[in-house]
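Results of the structural survey
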Amino acid sequence: MLNYRNKAIVVISLLFSMFVIFACTAEETSSESSSGSNTLATIIDRGELVCGVNDNLTGFGVVNSAGQFEGFDIDFCKAVAAAILGDAGKVEYVPLTASARFEALAANEIDILIRNTTWTASRDRDLGNDFTAPTFYDGQGMMVKASSGYDSIESMAGSTVCVLQGTTTELNLDDRFTGSGIAYTPLTFETNDPLQAAYEEGRCDGWTTDKSGLASKRAGFSTPSDHVVLAETLSKEPLGPLTRDNDSELYDVVQWVVFGMMQAEESGITSSNVSSMASNPSDPGIARLLGVGFDGGEPSDFGFGINVDFMQNVISQVGNYGEVYESHLVPLGLTREGSLNAQWTEGGLIYAPPFR
Ligand SMILES: N[C@@H](CCC(=O)N[C@@H](CS)C(=O)NCC(=O)O)C(=O)O
């Protein structure tokens, strides 16, 4: 028989162990839900970045004749790999159709998606993604054959319009036509190639997508001047990289790599002068961006969990924002001057918050 004193000890120790078990469980649950996954750590362990991309959009993401992925979006995959792993070549590219891209990200098949993807409220919230600052400000357009006589959306009453499934394009098309009471028939496709064939064969009168996409496709025709992109812009399409929600370590790196490339352009740092700028920074802001000390001081460490001089690798191996834009988008006729993609100092939206 236990006496009162021993009974009290048993009860107290039982209560204590229950409290310990509860406290541990509560801690596990709350730390799991607040920290989410850490894809940055996975990428570092794996030694490679897995980037979801387009393989069929010249200028943004395409496989060239040498079998290599290239384009504006591809360069941002390279930039993230250069920042995290010190090597822009350490990327596995996973080509994805418009309708498969978000599931691939949610299912951990890719670390990050950089595929001419528009930032919208439902993709951000319902689909559980986090978008960084846009890398290209776009808008939807309509391409028609020059011989068609169509010169505005209003003139297209009764037409058939080719459009890609799983895109903002599909939804905006309906907003614009149905919203204005203009009768039309959508003809939807899963990928671009059959869509292009349908447009060329005259099975649809118009081809609608992002204006950058239309510029890319139009440039690929044997006679581009046979096709006209109507002046109207039907929507806002801010395109940029995205990560999964609650994956802040990776999200922050991607976000600040994008900003770093924009800031490098603003500060006049290019792939050819970055090493001399790093050995002899002309001002403290440049020193902070390049992760070096100024005037004998210590380099700034923003705590991204990667090398403090990550922007040096990004700029030397990939280039600043302007260099990347120039090499992939200017050849498509997408000039920056006077567009939303000009630097903020020139009236555009390309703007990086301070590195400090
Ligand atoms: N930005 C839009 C459209 C993205 C999109 O998929 N565009 C088309 C045309 S520019 C494309 O990339 N097609 C390539 C393909 O699927 O083969 C979105 O995020 O929904």
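Scroll up to find the structure.
Residues numbered from 1 in each chain as written. Predicted model: local features only at pLDDT ≥ 70, side-chain atom pairs only at ≥ 80, totals over all residues. Heavy atoms only, no water.

Some words on the sheet that holds strand S9 (residues 140–145)
Basically, it comes down to this: When DSSP finds at least two bridges between two strands, those strands are taken to pair. Per the convention used, a helix needs a DSSP run of H or I reaching at least four residues, while a strand needs a run of E reaching at least two, with both numbered from the N terminus. Only C-alpha atoms enter the line fits that serve as axes; for helices the fit covers just the stretch in contact. Angles between N-to-C directions range over 0 to 180 degrees. Contact criterion: two residues are considered in contact whenever any of their non-hydrogen atoms come within 4.5 Å of each other.
Spatially, 5 strands are ordered S11-S10-S12-S9-S13 in an open sheet, and the strand pairing comes out mixed. Unpaired on one side and paired on the other, strand S11 (184–189) and strand S13 (227–229) mark the two borders of the sheet. Sheet twist, expressed as the average angle between the axes of neighbouring strands with direction ignored, equals 30°. Judged from the 3 bridges that link them, S9 and S13 form a sheet pairing that is antiparallel. Note on S13: the bridge partner recorded for Lys145 is His227. Its contacts with the sheet place helix H7 (residues 192–200) against S9, strand S10 (159–164), S11, strand S12 (206–210) and S13, and it is angled at close to 165° to S10.

Things to note about the sheet that holds strand S4 (residues 69–70)
Whether parallel or antiparallel, the strands of a sheet pair through hydrogen bonds between backbone atoms. The sheet built from 3 strands is open, its strands ordered S2-S3-S4 with antiparallel pairing. Every other strand in the sheet has two partners, leaving strand S2 (56–57) and S4 as the edge strands with one partner each. As paired elements, S2 and strand S3 (residues 61–63) share 2 bridges and run antiparallel to each other. Looking at the pairing, Asn56 lines up with Val62 of S3.

Structural notes on the packing of helix H9 (residues 248–266) against helix H13 (residues 321–328)
Let me state the cut-off plainly: Each angle gets one of four labels, with under 35 degrees taken as roughly parallel, over 145 as roughly antiparallel, 65 to 115 as roughly perpendicular, and the rest as oblique. Classification used: nonpolar for Ala, Val, Leu, Ile, Met, Phe, Trp, Tyr, Cys and Pro, charged for Asp, Glu, Lys and Arg, polar for all others including Gly.
Remark: H9 packs on H13, axes separated minimally by 6 Å, with the N-to-C direction vectors making an angle of 95°. Judged on the interaxial angle alone, H13 and H9 are roughly perpendicular. Together, Met261, Met262 and Glu265 of H9 and Tyr321, Gly322 and Val324 of H13 make up the contact between the two elements. Class assignment for the residues of the contact of H9 with H13 results in 4 nonpolar, 1 polar and 1 charged.

A closer look at the side chain of Glu237
The following threshold applies: Distance and chemistry together define a polar contact, namely a pair of N or O atoms within 3.5 Å, with one atom able to donate a hydrogen and the other to accept it when in protein, and with adjacent residues in sequence counting only for side-chain atoms on both sides.
Structurally, the position occupied by Glu237 is in strand S14 (residues 237–239). At 2.7 Å, the side chain of Glu237 forms a polar contact with the side chain of Thr168. If sequence neighbours within four positions are ignored, Glu237 has contacts with Thr118, Phe136, Tyr137, Asp138, Gly139, Gln140, Thr168, Asn172 and Asp210.

Considering the nonpolar core
This is how the line gets drawn: Throughout, nonpolar core names a set of buried Ala, Val, Leu, Ile, Met, Phe, Trp, Tyr and Cys residues whose side chains join them through atoms within 4.5 Å. Burial classes follow relative accessibility: with a 1.4 Å probe on protein chains only, a residue under 20% of its type's maximum area counts as buried, one over 50% as exposed, and anything between as partly exposed.
Formed by 62 residues in total, the largest nonpolar core has its most connected members in Cys51, Phe72, Met261, Ile269 and Leu290. The residues touching Leu290, leaving out its near neighbours within four places in the chain, are Ile269, Val274, Met277, Ala278, Val308, Asp309, Gln312 and Ile315.

Considerations on helix H12 (residues 310–317)
Within H12 the residues assigned to the buried category are Phe310, Met311, Gln312, Val314 and Ile315. Where the residues of H12 are buried, they touch helix H3 (72–85), H9, helix H10 (274–279) and helix H11 (284–290). At the C-terminal side of H12, Gly319 shows a positive phi close to 115°.

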